[in-house]
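Chain residues, written in single-letter form:
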Amino acid sequence: MITSVNTSLASFTYLLLLLAPSTSASFFSSNKDECELYLAPSHLKNAASHGFGLGIFAGKHIHQGEILTDLREVLIPLYDSSTLDATHPPLREYLWPAVGCVPELAVHTTDRTKAFWFGGGISSMAPCTSKGFNVEISAGGNFAGAPRWNVVEDSDGSVPSRDDPHAGSYSYRHGMTYIAARDIAPGEELVVDCTDDNFDHLSLQNYKRINSYKADDGHMCLDNVRIGESQVANAGKGLVAAKSISKDDIVLSSPVVPIHRRDLFGDGTGKIAKSGINNYQLMLNYALGHEDSDLLLLPYGPFVNYINGSGGSAGQKANAVLKWHKTGEKEMEAPRRLQFHHHELFSEYAKAVTETHGKGLVIDIVALDNIGAGEEIFLDYGEAWTKAYEEHVKRYQAPSDASTYRTADQWFHNMKLNPNPEFLKTVEELAKDPYPDNLQTICYYDSDAKIEKVDEETNTSYAVWDDFPSPPHECMRPCNILERYPDPEDEDRMLYTAEMMHFEGEEKYWFCNMRPGKHIARDVDYDGILIVDKAYTHDIFLEQAFRHEIGVPDDFFPREWLRSKVRRRAEQEPTRSDVGDEFRRKKTNVVISRKSPKEEL
């Protein structure tokens, strides 16, 4: 999905995947030596009995410290679900808790345990471990979260105003990038850093540096495309051909994860969202679906979320189409965990598909015409999506604060333009010149802070803030800036004294659970303080924000996936099978931390 600020249909840039039966060329290329990055079945997942399907491989030498900018991805948040941890559907395997990784997303809601994020590419496809990894999130080092420059939308913080029907209809956050943790040799599979406590059953610490592919093994080159500026005015990023692509060639391929439609509505149980909040998760706008089916398909391969749609007043013509992957005999005979496109899912009922772990499907983006180097890739939106969007534009009513509302990211970028961007306001200054009503001040401050003294009479703890803790800061909490002063060792750098506030539910996170009373911390670094959106005030929660799955043609979904084509009594609805349960890897209903648990204060 592309970040768009134009109200025309052509520049309302969502990922559109218009699906059709595949008669395209083989999924795999035969010139692996020419690829810088490529997809192939993961021998590491197979060897470790951990996960299944495709991985991402280096086709050239990658030096330690090199940022993999070509693999930056959009972050799609998901909030307040009561079913993801309770029922553990396949989607849960591709979600990461916001707390500890992108904690800024977690404070958008009142229950941080139900805040998740999804990103395609490395975060969804690469094996993950705390030791033996070769790539890691390009983050700040002393914080658990990715730095704000790594996940904001654009360098100028531009997003649609609330007067625009696009407001809240796509993720404003992209740019999650990864960095090589060591030298990576050609042929190595990318393995990402994570906390092993995220997973059940086994440790992944013994991954070895191996060239897991032979010259005759299949693979799919990722070098056909690159992320660039869209040709559509004000449309933000797009997916551009990096080289000439011939008609009927595969431009890009992506695995998809099945989702039940109800999991993206309200809290997932059928209950509607809180008053004034959109009933549908933002993720619905990225999913493929049919109006006559409860099954949705979410692509999670690299780059797919940057593809723009065709049509509208700008007149772009679709030059690519999405088709089902065509499996070769060799792929069908591979061991279970090396398989990635399971045709047997086409004969299952939709509900069974959404509950099946360890099996997947792959879609191919195929060129409809010859595409020259530098040309943008466009896909057709489909009639159902187009009709829904046109109706949305007609009935859209901007909220009352449309003219004054600014997101926290917009505020942050405006601050960068100021003469003193690191001058955060104190409580006294805010009384005279407050931030917008939707913003709040948040500080990193954990329960293991270095307490200098405790005033028993006032029940106040005084601490010194740690610039470089190990493990890093993980807890974000509301705070009040009491004082701002120059760093004695660097007068151009500002430090702060802040009152760290308790927040509702902090007892759920042992690393956040402070002793009772007030907490005053001195020498807080600018990077330890963020201005963020208050819970449920961000555009993605707008009740009137556009929500609709990306439509597929009527003949794409098999009849078993369609409600009207399958007539049966309720008691004939298939029950969930235990087959595939060994592929459930993610721990649920737990709070993950890189710190060692300590006794609560």
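Residues numbered from 1 in each chain as written. Predicted model: local features only at pLDDT ≥ 70, side-chain atom pairs only at ≥ 80, totals over all residues. Heavy atoms only, no water.

1. What to know about the overall build of the protein chain
Consideration 1: Per the secondary structure count, the protein chain includes ten helices and 30 strands.
Consideration 2: For the protein chain, with 601 residues in total, the buried portion stands at 60%.
Consideration 3: Of the contacts formed within the protein chain by residues at least 6 apart in sequence, a portion of 79% connects residues at least 24 apart.
Consideration 4: When the accessible surface of the protein chain is totalled, it reaches about 24800 Å², and 47% of it is carbon and sulfur. (Helix = DSSP H or I, 4+ residues; strand = E, 2+ residues; numbered from the N terminus. Buried < 20%, exposed > 50% of the residue type's maximum accessible area, 1.4 Å probe, protein only. Contact = heavy atoms within 4.5 Å. Areas by Shrake-Rupley, 256 points an atom, 1.4 Å probe, with all protein chains shown as cover.)

2. Regarding a negative patch on the surface
Consideration 1: On the surface, E291, D380, E383, D554 and D555 cluster together into a negatively charged patch.
Consideration 2: Turning to its location among the elements, D554 is positioned in the segment after β30 (550-551). (Patch = residues over 30% accessible without salt bridge, like charges linked within 9 Å, V, L, I, M, F, W, Y side chains within 5 Å. Salt bridge = Lys/Arg side-chain N within 4 Å of Asp/Glu carboxyl O. Lys, Arg positive; Asp, Glu negative; His and termini not counted. Charge placed at Lys NZ, Arg CZ, Asp CG, Glu CD.)

3. Focus on the pattern of salt bridges
Consideration 1: The final tally for this structure, using the stated rule, is 19 salt bridges.
Consideration 2: Taking the shortest distance from any N to any O, the salt bridge between E188 and R182 comes out at 3.0 Å.
Consideration 3: Owing to a relative accessible area of 7%, E188 belongs among the buried residues under this scheme.
Consideration 4: The exposure class assigned to R182 is buried, which follows from its relative accessible area of 12%.

4. Quick word on unusual backbone geometry
Consideration 1: Positive phi values are uncommon outside glycine, yet H88 reaches one of about 50°.
Consideration 2: With a phi close to 80°, F303 is a non-glycine residue in the positive phi region.
Consideration 3: Take F303: it is sitting in the loop between β18 (295-299) and β19 (308-309).
Consideration 4: Given the relative accessible area of 2%, F303 is considered buried.

5. Re the state of the cysteines
Consideration 1: Throughout the structure, instances matching the rule amount to three disulfides.
Consideration 2: Across the disulfide from C35 sits C221; the S-S distance is 2.3 Å. Of the two residues, C35 is situated in the loop between β1 (19-20) and β2 (37-41) and C221 in strand β13 (residues 220-221); the sequence distance between them amounts to 186 residues.
Consideration 3: Look at C221 and you get buried, because its relative accessible area is 9%.
Consideration 4: Paired through a disulfide, C443 and C479 show a sulfur-sulfur distance of 2.1 Å. Handedness here is read from the sign of the S-S torsion; for C443 and C479, about 70°, the answer is right-handed. Here C443 is found in strand β23 (residues 439-444), whereas its partner C479 is found in strand β26 (residues 476-487), with 36 residues between them in sequence. The pair C443 / C479 is uniform in exposure class, with both members buried. (Disulfide = S-S within 2.5 Å.)

6. A short note on the confidence of the model for the protein chain
Consideration 1: Summing up the model confidence of the protein chain, the mean pLDDT is 79 and the portion of residues at 70 or higher is 80%.
Consideration 2: A low-confidence stretch, residues 1-33 (pLDDT under 50), is modelled with 170 contacts involving residues beyond four sequence positions or located in other chains.
Consideration 3: For the stretch residues 209-217, pLDDT sits under 50, and the model shows 20 contacts to residues farther than four places along the chain or on other chains. (pLDDT = per-residue confidence, 0-100.)

7. Things to note about the sheet that holds strand β7 (residues 115-118)
Consideration 1: With antiparallel pairing, the three strands of this open sheet are ordered in space as β5-β7-β6. Where the open sheet ends on each side, the last strands, each with one partner, are β5 (76-79) and β6 (96-97).
Consideration 2: In the sheet, β6 pairs with β7 via two bridges, with the strands oriented antiparallel. Within the sheet, the bridge partner assigned to W96 lies in β7 and is W117. (Pairing = 2+ DSSP bridges.)

8. Topic: the pairing of strand β28 (residues 518-525)
Consideration 1: Most of β28 sits inside the fold, with six of its eight residues counted as buried.
Consideration 2: In terms of strand pairing, strand β25 (residues 460-464) meets β28 through five bridges, oriented parallel. Directly across from V464, in β28, lies its bridge partner R522.

9. What about the pairing of β7?
Consideration 1: The alternating pattern of β7 places A115 and W117 on one face and F116 and F118 on the opposite face, and all of these are buried.
Consideration 2: Sheet analysis places β5 next to β7, joined by four bridges and oriented antiparallel. Considered in β7, the bridge of Y79 is made with A115.

10. Comments concerning the nonpolar core
Consideration 1: M283 and W561 are the most contacted members of the largest nonpolar core, which totals 111 residues.
Consideration 2: With residues up to four places along the chain from it excluded, the contact list for W561 reads D292, S293, L295, L297, W324, L345, F346, E348, Y349, A350, V353 and L361.
Consideration 3: Counting residues in each nonpolar core, the second largest holds 29 residues, with L424, L439, C479 and V524 among its members. (Core = buried A, V, L, I, M, F, W, Y, C linked by side-chain atoms within 4.5 Å.)

11. Looking at helix α8 (residues 383-395)
Consideration 1: Taking 1.5 Å per residue, 13 residues should reach 18 Å; α8 reaches 19 Å between its end C-alpha atoms and fits that length.
Consideration 2: Listing the buried residues of α8 in full gives W385, T386, A388, Y389 and H392. Here the buried residues of α8 occupy an arc of 165° about the axis, which is enough to place them on one side. Away from its buried face by more than 90 degrees, α8 exposes E383, K387, K394 and R395. (Expected span 1.5 Å × (residues − 1). Arc of directions from axis to C-beta.)

12. Remarks on the sheet that holds β25
Consideration 1: With mixed pairing, seven strands are arranged side by side in an open sheet as β24-β25-β28-β27-β26-β23-β29. Single-partner strands in this sheet number two, and they are β24 (450-455) and β29 (529-533). Each strand of the sheet is rotated relative to its neighbour by a mean of 35°, with strand direction disregarded.
Consideration 2: As defined by bridge partners, β23 adjoins β29 across five bridges and the pair is classed as antiparallel. (Axes fitted to C-alpha atoms, helices over the stretch in contact; angles between N-to-C directions.)

13. Description of the packing of aromatic side chains
Consideration 1: In this structure the tally under the stated criterion is 18 aromatic pairs.
Consideration 2: Taken together, a centroid distance of 6.3 Å and an interplanar angle of 80° make the contact between W324 and W561 edge-to-face. Taken together, the residues W324 in strand β20 (residues 320-324) and W561 in the segment after β30 connect sequence positions 237 residues apart. Take W324 and W561: they sit in the same class, and that class is buried.
Consideration 3: Ring centres 5.5 Å apart and planes at 20° place the aromatic pair W385 and Y389 in the stacked group. Residue W385 and its partner Y389 are located together in helix α8, separated by four residues, close to a single helical turn.
Consideration 4: Here the aromatic residues W324, F346, F556, F557 and W561 are joined through ring pairs into a cluster of three or more.
Consideration 5: Lying over the aromatic face of F503, R112 brings its terminal NZ or CZ to 3.9 Å of the ring centre. (Phe/Tyr/Trp six-rings, centres within 6.5 Å; stacked < 30°, edge-to-face > 60°. Lys NZ or Arg CZ within 6 Å of the ring centre and 35° of its normal.)

14. Concerning the side chain of N438
Consideration 1: Mapped onto the fold, N438 is located in the loop between α10 (427-432) and β23.
Consideration 2: In terms of polar contacts, N438 uses its side chain to reach the side chain of D533, at 3.5 Å.
Consideration 3: Non-local contacts of N438, meaning those with residues more than four positions away in its chain, are made with Y405, R406, T407, V532, D533, K534 and T537. (Polar contact = N/O pair within 3.5 Å; in protein donor to acceptor, adjacent residues only side chain to side chain.)

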